[in-house]
Amino acid sequence: MLKTLIVDDEEKSRITLDHLISTYCADVKVTAHCDSVSSTLKAIEEHNPDLIFLDIEMPFQNGFTLFEKIKEPTFGVVFVTAYDHYAIKAIKYSALDYILKPVDPDELIAAVEKMKQKQASASFRSSDLELLLANLQAKGKSAKIAVPTFDGLQMVHTDEIVRCTAMESCTEISLTNGSRLVVSRILKEYEELLSDLNFFRIHNSYLINLNHVVKYVKGDGGYVLMSDGNHVEVSRRKKGELLNRLSRLRL
């Protein structure tokens, strides 16, 4: 049984989420409702929760403020938000979980299942939240992402990624130091994650870091020479957009 806190400044939202949890998540017990960071700190001390559903946007202090006050959290967290595109990006970079308002029961169930797996494997770490706070402070100009590996998570700075290559149901991430990481996630996920950080999908199989393009060579679609010396094919339908992006990159 997961002991859980619901943190949201809106009473209606707290009640709705509590109802959804009681209806769809039999192994989750809500022990308290909180409407602020200060009340959450008191509830954590009193109830020692396993999991917190945490609203991001609240008056005076947002949800992230909680982790500036708790340096070594012993609980998992699922962020809940109605908007704030950049905050969602920062959460994704850190491999933490979130659900959007209005809460969909299937997304709620999936989030709880992920948290149960993390709890069982003891994979929830304070470093995940440290990474989140660092990415929020970076203001979207640069970031570190948590890349799942066989034995845990590897923190990778996005500036160190040269390209990502599709490999059936996996993605190979090529780094500036010559190493490669094979991740059991499809390329589309990394396209969505990295598109705001100057990454561009030039082919069904390739997502590249435009900052690592050394040269474009003409052809039917042509190809790009990357900073690691590799040639990467450009699809014909992506050629025009790539050239436009590269011309803007030089400005």
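Residues numbered from 1 in each chain as written. Predicted model: local features only at pLDDT ≥ 70, side-chain atom pairs only at ≥ 80, totals over all residues. Heavy atoms only, no water.

(A) Structural detail: the pairing of strand 10 (residues 180-183). Burial along strand 10 is one-sided: Leu181 and Val183 are buried, while Arg180 and Val182, pointing the other way, are not. When strand 9 (residues 170-175) meets strand 10, the two strands line up antiparallel, connected through 4 bridges. Across the sheet, residue Thr171 finds its bridge partner in strand 10, namely Val183. Linking strand 9 to strand 10, which pair antiparallel, is a turn of 4 residues; within it Gly178 sits at a positive phi near 90 degrees. (Buried < 20%, exposed > 50% of the residue type's maximum accessible area, 1.4 Å probe, protein only. Helix = DSSP H or I, 4+ residues; strand = E, 2+ residues; numbered from the N terminus. Pairing = 2+ DSSP bridges.)

(B) Structural context of unusual backbone geometry. Residue Pro102 is reached from Lys101 by a cis peptide bond, and omega for that bond is -10 degrees. Looking at the element boundaries, Pro102 is found in the loop between strand 5 (97-100) and helix 5 (105-121). Residues other than glycine seldom take positive phi values, yet Asn48 does so here, at roughly 45 degrees. Take Asn48: it is sitting in the loop between helix 2 (37-47) and strand 3 (51-55). The residue Glu168 is not glycine, and still its phi comes out positive at about 55 degrees.

(C) View of the sheet that holds strand 12 (residues 206-209). Read from one edge of the open sheet, 5 strands run 10-9-8-12-11, paired in antiparallel fashion. Two strands close off the open sheet at either side, each with one partner strand: strand 10 and strand 11 (199-203). For this sheet the average axis-to-axis angle between neighbouring strands, irrespective of direction, equals 20 degrees. Bridging between strand 11 and strand 12 involves 4 bridges; their strand directions are antiparallel. Along strand 12, the bridge assignment pairs Phe200 with Ile208. (Axes fitted to C-alpha atoms, helices over the stretch in contact; angles between N-to-C directions.)

(D) Layout of the pattern of salt bridges. Counted according to the given criterion, the structure contains 10 salt bridges. With its nearest N and O atoms 3.0 Å apart, the salt bridge here joins Arg201 to Glu191. Of the two residues, Arg201 is situated in strand 11 and Glu191 in helix 7 (residues 187-194); the sequence distance between them amounts to 10 residues. As far as the burial class goes, Arg201 and Glu191 line up, both buried. Several salt bridges share partner residues, and in doing so they unite Asp8, Asp55 and Lys101 into one network. (Salt bridge = Lys/Arg side-chain N within 4 Å of Asp/Glu carboxyl O.)

(E) Main features of the sheet that holds strand 14 (residues 223-226). Strand order in the open sheet made by the 3 strands is 13-14-15, with antiparallel pairing throughout. Edge positions in the sheet fall to strand 13 (213-217) and strand 15 (231-233), since each of these pairs with one other strand and no more. Mean inter-strand twist for the sheet, computed between neighbouring axes without regard to direction, equals 25 degrees. Sheet topology note: the strand 14/strand 15 ladder contains 3 bridges and is antiparallel. By the bridge assignment, Val224 is partnered in strand 15 with Val232. Against the sheet, helix 8 (residues 239-249) engages strand 13 and strand 14, with an angle of about 135 degrees to strand 13. (Contact = heavy atoms within 4.5 Å.)

(F) Region of interest: helix 2. All of the buried residues along helix 2 are Val37, Thr40, Ala43 and Ile44. Mapping the buried residues of helix 2 onto a view down its axis gives an arc of 115 degrees, with all of them on the same face. Facing away from the buried side of helix 2, by more than 90 degrees, are the exposed residues Lys42, Glu45 and Glu46. Next to the buried residues of helix 2 lie strand 1 (2-7), strand 2 (28-34), strand 3 and helix 3 (66-69). A positive backbone phi angle near 45 degrees is found at Asn48, which sits one or two residues after helix 2. (Arc of directions from axis to C-beta.)

(G) The environment of Asn48, seen in detail. For Asn48, a relative accessible area of 47% corresponds to the partly exposed category. Residues Asn48 and Thr74, 26 residues apart in the sequence, show an inter-C-alpha distance of 8.2 Å. In this structure, Asn48 is in contact with Lys3, Ala43 and Thr74, ignoring residues within four places of it in sequence.

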